[in-house]
Amino acid sequence: MMIEKESVVLRSQPATNSQAIDSIDINSNVNVLSERNGWLRVRYKGTSEGWIPKWLLDNDNLVTDQNLAAHLLVASSIYSEQTTDSQQLADIDAGTYLIVNFERNGWVQVVYENQYGYIPTSSVELIHQDAIPESVPDPESTEESLPDEMTQEELEEAERLVIVRQENQAFLSAPDLYSDIIYTPSINQRFELIDVTTGSDETEFYLVEDETGIRGYIESRIAALGNDSLNHVGTTNPGSLADATIMIDAGHGGEDSGAISLDNITYEKDVTLRTAEILQEKLEAAGATVLQTRSTDEFVDLDERTILSNEANVDAFLSLHYDSSPVPDWHGTTTYYFHEDDFDLADNINQQLAQFELPNNNVVFGNYHVLRENNRPSVLLELGYMSNSTDIDYIRSQEYHDHITELIVAGLENYYNH
Ligand SMILES: [Zn+2]
């Protein structure tokens, strides 16, 4: 059969959280070997064999098998296992939307009231999570979710919940990036935290257990804990940029030089301070109140930076950085956010950065201390690679600093005006 969809992922099992084997080019042919529970077992390019979801091919509104949500077409029970003989955890009304962790063999795994459960895929319409209509907040349920209303038991449960926040990352058999991959978790998949450990190259890992009892490792960089955003303020609504207080955080400083250019001339700590000064001028010209975490070449520890932001109750915290990579070709700008509520701020700024001369690497989840521990809306901007020969020429020019700061201001204007 012909695959008339872009980049359909061929998987090792009939499950959206199983390992990706290959990506199928649009308008290429596959041989269907069998069909089971909404999945097709196919052979691609004569060699690779695996599973593709038939429900994805048949659904014009879906472009990927990731970030799924279930819209209940009929009232259904949530079952404790992938069988209708298992315990019924709850009854859900038709029309309800639930976030899907994964779809496997004709069942979707969903989270309902802090429990995992399963619903037959045949009872739901699968949609992208972005397509869930925004609902009118139910006053009762928002009250329940307030941190001070959480019971001790719920807080302890949140502390032990690991949520995967990046796509196509590995669930590993050992705390080592080169160890065997158990499978590729879906975005927002939840695990139970067993332990935190550091691998041989200083990478931090969470030892976690999935809902079937499989234990393995996940890099902490790509995940959030269930209690990480409890004290975070989503929006502050100053009304306009002119009424907002913005904290600029020039990355690194003092003994911490940050990235250094390949010719050892340019230090990240100096460039971030230069960008911060120009950005302050432009934001003040737009009427905003501006605070800096540092205004000289001094060392400020990461905790101090977030404490400054939290104590000043700022409307936005912008951490400025310049990237570096051992891969010389990596270049361009990237916007990081940690708290889900901060995606909108990140996206507004990044839409502007994407118009810049340098390529843009999109908005990406990043578990950075200054974002995670920040209770205020916060983003971290990587404004080009010190290790790339094209980027470094830009980074050293005055026009670059003038232009990039203009774009950041425009992004904030858009964020506060919509
Ligand atoms: Zn940096």
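Residues numbered from 1 in each chain as written. Predicted model: local features only at pLDDT ≥ 70, side-chain atom pairs only at ≥ 80, totals over all residues. Heavy atoms only, no water.

- Going by an unreviewed UniProt entry, the protein chain carries the name N-acetylmuramoyl-L-alanine amidase and comes from Ruoffia halotolerans.

1. Considering the domain arrangement of the protein chain
- When its domains are assigned, the protein chain resolves into domain 1 (2-57), domain 2 (68-131), domain 3 (156-225) and domain 4 (241-417).
- Between domain 2 and domain 3, the residue contacts involve nine residues of the former and nine residues of the latter.
- Of the roughly 710 Å² buried between domain 2 and domain 3, counting both surfaces, carbon and sulfur atoms make up 42%.
- For the interface between domain 2 and domain 3, the tally reads one salt bridge. (Domains from an automatic or database assignment. Contact = heavy atoms within 4.5 Å. Buried area = accessible area lost by both parts, 1.4 Å probe. Salt bridge = Lys/Arg side-chain N within 4 Å of Asp/Glu carboxyl O.)

2. Re the packing of aromatic side chains
- Inspection of every chain in the model, using the stated rule, returns 12 aromatic pairs.
- Taking the centre distance of 5.9 Å and the plane angle of 85 degrees together, the rings of Tyr79 and Trp107 count as edge-to-face. Of this pair, Tyr79 sits in strand E8 (residues 76-79) while Trp107 is found in strand E11 (residues 107-112), placing the two residues 28 residues apart along the sequence. The exposure classification of Tyr79 matches that of Trp107, with both residues buried.
- Ring centres of Phe356 and Tyr400 lie 5.2 Å apart, and the angle between their planes is 75 degrees; on these two criteria the pair is classed as edge-to-face. Of this pair, Phe356 sits in the loop between helix H6 (343-353) and strand E25 (360-365) while Tyr400 sits in helix H9 (residues 398-417), placing them 44 residues apart in sequence.
- A relative accessible area of 5% places Phe356 in the buried class. (Phe/Tyr/Trp six-rings, centres within 6.5 Å; stacked < 30°, edge-to-face > 60°. Helix = DSSP H or I, 4+ residues; strand = E, 2+ residues; numbered from the N terminus. Buried < 20%, exposed > 50% of the residue type's maximum accessible area, 1.4 Å probe, protein only.)

3. Here we look at the nonpolar core
- Core analysis: the biggest nonpolar cluster contains 49 residues, and Leu241, Ile246, Leu283, Leu383 and Leu412 have the highest contact counts within it.
- In terms of residues, this core owes the most to one element, H9, which gives eight residues.
- Beyond its immediate stretch of four places on either side in the chain, Leu283 contacts Leu241, Ile246, Ile248, Ala288, Val290, Val409 and Leu412.
- Membership of the second largest hydrophobic core comes to 28 residues, among which are Leu57, Val110, Ile119 and Val124. (Core = buried A, V, L, I, M, F, W, Y, C linked by side-chain atoms within 4.5 Å.)

4. Let's talk about the coordination of the zinc ion
- Surrounding the zinc ion are the protein donor atoms His252 (NE2), Glu268 (OE) and His321 (ND1), at 2.1 Å.
- Among the residues examined, Glu268 registers a relative accessible area of 4% and is labelled buried.
- Judged by its relative accessible area of 12%, His321 falls in the buried class. (Donors = N, O, S within 2.8 Å, 3.2 Å for Na, K, Ca; no water.)

5. So, empty space enclosed by the protein
- Tallied over the full model, the rule gives two cavities of 30 Å³ or more.
- Of the volumes computed, that of the largest cavity is approximately 40 Å³.
- As for the largest cavity, its lining consists of Thr16, Asp65, Gln66, Asn67, Leu68, Val100, Asn101, Phe102, Ser186 and Ile187.
- Looking at the lining of the largest cavity element by element, the count peaks at three residues for strand E10 (residues 97-104).
- In terms of residue class, the lining of the largest cavity is built from four nonpolar, five polar and one charged.
- Each pocket or cavity is described by its volume, and for the second largest cavity that value is around 40 Å³.
- Looking at the second largest cavity, the residues that line it are Ile78, Leu89, Ala90, Tyr112, Gln115, Tyr116 and Gly117.
- Among the secondary structure elements, those contributing two or more residues to the lining of the second largest cavity are strand E9 (88-92) and strand E12 (115-120).
- At three residues, E12 tops the list of elements feeding residues into the lining of the second largest cavity. (1 Å grid on protein atoms, 1.4 Å probe; cavity = no way out; pocket = protein on both sides within 12 Å on 5 of 7 lines; lining within 4 Å. Points joined across faces, edges and corners; volume = space filled by probe spheres on them. Nonpolar A, V, L, I, M, F, W, Y, C, P; charged D, E, K, R; others polar.)

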